[in-house]
Amino acid sequence: DEAKESVQRAVRTLAEQALAQTTLISTDVVKSIEAIIAELDKRLLLSKEKEMLGQFVTDHPLLGIKDQLAAQTTCQIPDLEDRDDGELVVLGGIIGALSRKFTKRGEPYAQFRLEGLTGGVEVVAFPSVYEAVPELIESDRVVLVAGRIDRRGRELQIRAAEVKEPALDAGDPR
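Residues numbered from 1 in each chain as written. Predicted model: local features only at pLDDT ≥ 70, side-chain atom pairs only at ≥ 80, totals over all residues. Heavy atoms only, no water.

Trainee: I would appreciate a short explanation of the overall build of the protein in the present structure.
Mentor: If you tally the helices and strands in the protein, you get three helices and five strands. Ordered by position in the sequence, the α and β elements of the protein form the string α-α-β-β-β-α-β-β. Here the protein holds 174 residues, and 28% of them are scored as buried. Taken as a whole, the protein presents about 11300 Å² of accessible surface, with 53% of it coming from carbon and sulfur. (Helix = DSSP H or I, 4+ residues; strand = E, 2+ residues; numbered from the N terminus. Buried < 20%, exposed > 50% of the residue type's maximum accessible area, 1.4 Å probe, protein only. Areas by Shrake-Rupley, 256 points an atom, 1.4 Å probe, with all protein chains shown as cover.)

Next comes the structure, spelled out in structure tokens:
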């Protein structure tokens, strides 16, 4: 009898431990899924706000990463007016309006509006730049643009020499 009770206690203890582990795993999985859904909901909401209203209302994708982005840039978009024609700058922002085009030789390039928290600037990514990273040049994508200020046209623009993904903490959206 004593041996039987001992075995039953051991089995019951193992079962309780297994159930406790399953509960812990399930709780962690549920929390992870809830976090992913919340992030997707936030991105979807921001995307729909931008699409319907033309601007972000409840939040801005750059707010949570503005310090990290600023640490990787040489100036902010509004400061471009004080810079010289041909000066090399590194800017960070989110790609807004995007237009893909072709040169007379049939090479693809892109023109897009790089938007920061306090302004925006037109960027031209000629074929050598565009073809190096076409996957990065997408609407609503956070990027760094290194390029030269060009004041020859009607409005100031940036001739991109490089477009790259900024180094951000793992939890931040891109």
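Trainee: Help me understand the layout of surface pockets in this model?
Mentor: The method is simple in principle: a probe with the dimensions of a water molecule rolls over the atoms, and the space it marks as empty is what remains. If you add up the space inside the second largest pocket, you get close to 170 Å³. Taken together, 15 residues make up the lining of the second largest pocket; nearest its centre are Leu 69, Gln 76, Gly 92, Gly 116 and Leu 117. Listed by contribution, the elements that provide at least two residues to the lining of the second largest pocket are α2 (66-70) and β1 (88-102). The element best represented in the lining of the second largest pocket is α2, accounting for three residues. Here the lining of the second largest pocket is built from residues that sort into seven nonpolar, seven polar and one charged. (1 Å grid on protein atoms, 1.4 Å probe; cavity = no way out; pocket = protein on both sides within 12 Å on 5 of 7 lines; lining within 4 Å. Points joined across faces, edges and corners; volume = space filled by probe spheres on them. Nonpolar A, V, L, I, M, F, W, Y, C, P; charged D, E, K, R; others polar.)

Trainee: What exactly am I supposed to notice about the sheet that holds strand β2 (residues 108-115) here?
Mentor: Paired through backbone hydrogen bonds, the strands of a sheet run either parallel or antiparallel to each other. With respect to topology, five strands assemble into a closed barrel ordered β1-β2-β3-β5-β4, the strand pairing being mixed. Each strand axis lies, on average, 50° off the axis of its neighbour in the sheet, ignoring direction. (Pairing = 2+ DSSP bridges. Axes fitted to C-alpha atoms, helices over the stretch in contact; angles between N-to-C directions.)

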